[in-house]
Amino acid sequence: MSDAKQVIIKGEADEATIRQAENCLVEAEAMLLMADSHRGYGMPIGGVAVYRDRVPPSAVGFDIGCGNKAVRTNLMLDDIEGRLDPLADEIFERIAFGVGGANPTPVEHELFDDPAWDEVEFLAGSPALKDTARAQLGSTGAGNHYVDVFVDEDDSIWVGVHFGSRGFGNSVASHFMELAGDELNIMDQTPKTLAVDSDPGRDYIRCMKLAGRYAYAGRDWVCETVVGILGGEITDEVHNHHNYAWYEEHGGEHFWVVRKGATPAFPGQRGFVGASMGDDSVILEGIDSEESRRLFYSTVHGAGRVMSRTQAAGRRRRVRTRRTRPDGSTYGYTEWVHDGGLVDFDAVKDRIMEQGIVLRGASADEAPEVYKDLAEVLEAHAGTVEIRRTLSPLIVCMAD
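Attention here is on the structure that accompanies the text. (Residues numbered from 1 in each chain as written. Predicted model: local features only at pLDDT ≥ 70, side-chain atom pairs only at ≥ 80, totals over all residues. Heavy atoms only, no water.)

Side note on the layout of surface pockets
- The computed volume of the second largest pocket comes to approximately 160 Å³.
- Listing elements by their share of the lining of the second largest pocket, those giving two or more residues are helix H13 (374-379) and strand S19 (385-398).
- Among the elements that line the lining of the second largest pocket, the one with the most residues is H13, at 4 residues.
- Residues that form the lining of the second largest pocket fall into these classes: 7 nonpolar, no polar and 2 charged. (1 Å grid on protein atoms, 1.4 Å probe; cavity = no way out; pocket = protein on both sides within 12 Å on 5 of 7 lines; lining within 4 Å. Points joined across faces, edges and corners; volume = space filled by probe spheres on them. Helix = DSSP H or I, 4+ residues; strand = E, 2+ residues; numbered from the N terminus. Nonpolar A, V, L, I, M, F, W, Y, C, P; charged D, E, K, R; others polar.)

Some words on the nonpolar core
- By size, the foremost hydrophobic cluster in this structure holds 76 residues, and its most contacted members are Met31, Ile64, Leu123, Val149, Ile157, Phe168 and Tyr204.
- The element contributing the most residues to this core is helix H9 (residues 199-230), with 15 residues.
- Among residues more than four places away in sequence, those in contact with Leu123 are Ala116, Trp117, Leu129, Phe168, Cys207 and Leu210.
- Counting residues in hydrophobic clusters, the runner-up holds 47 residues, among them Ala30, Val257, Ile283 and Leu295. (Core = buried A, V, L, I, M, F, W, Y, C linked by side-chain atoms within 4.5 Å. Buried < 20%, exposed > 50% of the residue type's maximum accessible area, 1.4 Å probe, protein only. Contact = heavy atoms within 4.5 Å.)

Comments concerning the packing of aromatic side chains
- Summed over the entire model, instances satisfying the criterion amount to 13 aromatic pairs.
- Consider the rings of Phe112 and Tyr214, whose centres lie 6.4 Å apart with planes at 80°: the pair is edge-to-face. One end of the pair, Phe112, is in the loop between helix H4 (84-94) and helix H5 (116-119); the other, Tyr214, is in helix H9, with 102 residues separating them in the sequence.
- With relative accessibility at 2%, the residue Phe112 sits in the buried group.
- Each ring, one from Tyr247 and one from Trp256, has its centre 5.1 Å from the other, and the planes form 40°; the classification is tilted.
- The buried category is assigned to Trp256, whose relative accessible area is 9%.
- Put simply, the rings of Phe112, Trp117, Phe168 and Tyr214 touch in pairs and so form one group of aromatic residues.
- A cation sits over an aromatic face here: Arg134 above Phe112, 4.6 Å from the ring centre.
- The ring of Tyr371 has Arg305 sitting right over it, with the charged end atom 5.3 Å from the ring centre. (Phe/Tyr/Trp six-rings, centres within 6.5 Å; stacked < 30°, edge-to-face > 60°. Lys NZ or Arg CZ within 6 Å of the ring centre and 35° of its normal.)

Re the environment of Thr140
- Positionally, Thr140 belongs in the loop between helix H7 (127-136) and strand S6 (146-151).
- Sequence-wise, Thr140 and Met398 are 258 residues apart; in three dimensions their C-alpha atoms are separated by 8.5 Å.
- Excluding anything up to four places from it in sequence, Thr140 contacts Ile95, Ala96, Phe97, His145, Val147, Phe163, Arg166 and Val222.

Comments concerning the pairing of strand S7 (residues 156-163)
- Across the 8 residues of S7, 8 count as buried, placing the element largely inside the fold.
- With burial as the criterion, each face of S7 is covered, one bearing Ser156, Trp158, Gly160 and His162 and the other bearing Ile157, Val159, Val161 and Phe163.
- Note: strand S5 (residues 67-76) against S7, 7 bridges, orientation antiparallel. Paired with Ala70 across the strands is Gly160, a residue of S7. (Pairing = 2+ DSSP bridges.)

Overview of the pattern of salt bridges
- Considering all chains together, one arrives at 27 salt bridges under this definition.
- One salt bridge in this structure joins Glu29 and Arg52, with 3.7 Å as the shortest N-O distance. Of the two residues, Glu29 is situated in the loop between helix H1 (15-24) and strand S2 (30-38) and Arg52 in the loop between strand S3 (45-51) and strand S4 (54-55); the sequence distance between them amounts to 23 residues. (Salt bridge = Lys/Arg side-chain N within 4 Å of Asp/Glu carboxyl O.)

Laid out in C-alpha cells, this is it:
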C-alpha cells in the first residue's frame, strides 16, 4: 500500500475492519469507512472503495443492489393505530421472508425481457437462474432484511423495507468473484478486480445493473403491497442501493465508486437509513461541503453491527458422545448442543412490546443491542447530511 493512500475513517472502526479496508487500497485509489462500518467479506460493510478502470465483484458483495426504500402514505396514525396486530399478521403472511423463500404472488416485470438474459454468456447458460429470479421477485430474504411500518413527527405513516437481489444477485456475485480469482469465503485478502474494458468486466457490469433493477423492482412491489394492506396510497418515496458500483465524476475525474453498506448522498439526494428494530430510523439528505466531497458523497446505510450473529444468538453444534445400554454395553450417539449467546431474546421481545412496537419474526442476532446507536453514527457524519424526517417503528417484520 502506498504511503500516500490512507483509509479515511468516520466514527470508530476496529482493527479487523481497518485491516480489510487497507487491503482494498492495494488496487483502489481511495478507501473510506463510514461510521457504521464493520468487518465483511473481503471489503468492510460500510466501506467505500474508489477505482479508476476496474470493478471488484467481491467488494460490491453477494447481495448486489441491496438497499433501502421508504414510502410516505396518505395515512395518519389515527387511521391504523387500533389495528396494528392484525395488520402485522397480514404483512407477515403476505410477504415472503426467509432464506430461499419464493414470493407466493407471482410478479411480472419488464426486467425479464432485458437482452442481457440472452446476451451475457453466464446468464444465457443458466436458464434456471431466471426461473428462480422470477419466483423470488418481491421476497425479502433473511438476516437483517425487514419490512417496517413507521410514524413520523407529523403522525404520517411510512413503510420502509431493506433487502436486495436475493438468489439472483448471489449467483451473479459468486460467478464473477471466482472469475476474478477470489475465493467465495474471502475475508482478509485483497478483493480481485475486473477491468471494465474486458469481456468479463463488461459482463459483470451488465449483470450488476440487471441485479440492481431486480432489487429495485422487488422493493417497489413490497412497498406497494404493504401500503395496500394498510389501506393507503403512496405520496412520496425515497429509494437507494447500498451494495453497488457507480460510475461517477468527482473533482473533474471519473471513477467507479463501490459502496458496500454505504449510501450515496449527493447534495439534495435523500436516503432512508434504518436503525435496529427498536430504534428510530431517518430520512436524510446529502449536503455539499468539503467533507462531503472527501467522502465521495457517501454516508451510512444503517446503524452498524457491534456483535456478530454467533455472539448474539449462540450456535448449535453436534456433539458425539457414548451411551450405556441396560446390559452395560455402549454405543455412539450424536446430539445437538446449543451454546448460548449474549442476547436474551425473550427479554428483547418483552422490551419491544413495552415500547408499543408490534414484532413479527426476528431473532436474537437482530436485537437492538447488537447494533450501534444510529444517532451517534449520524453525528459522526455531521456536516455532510441533514436529517429531514425521523421515523419511529410501529410494526417490524423480519424472518424468524
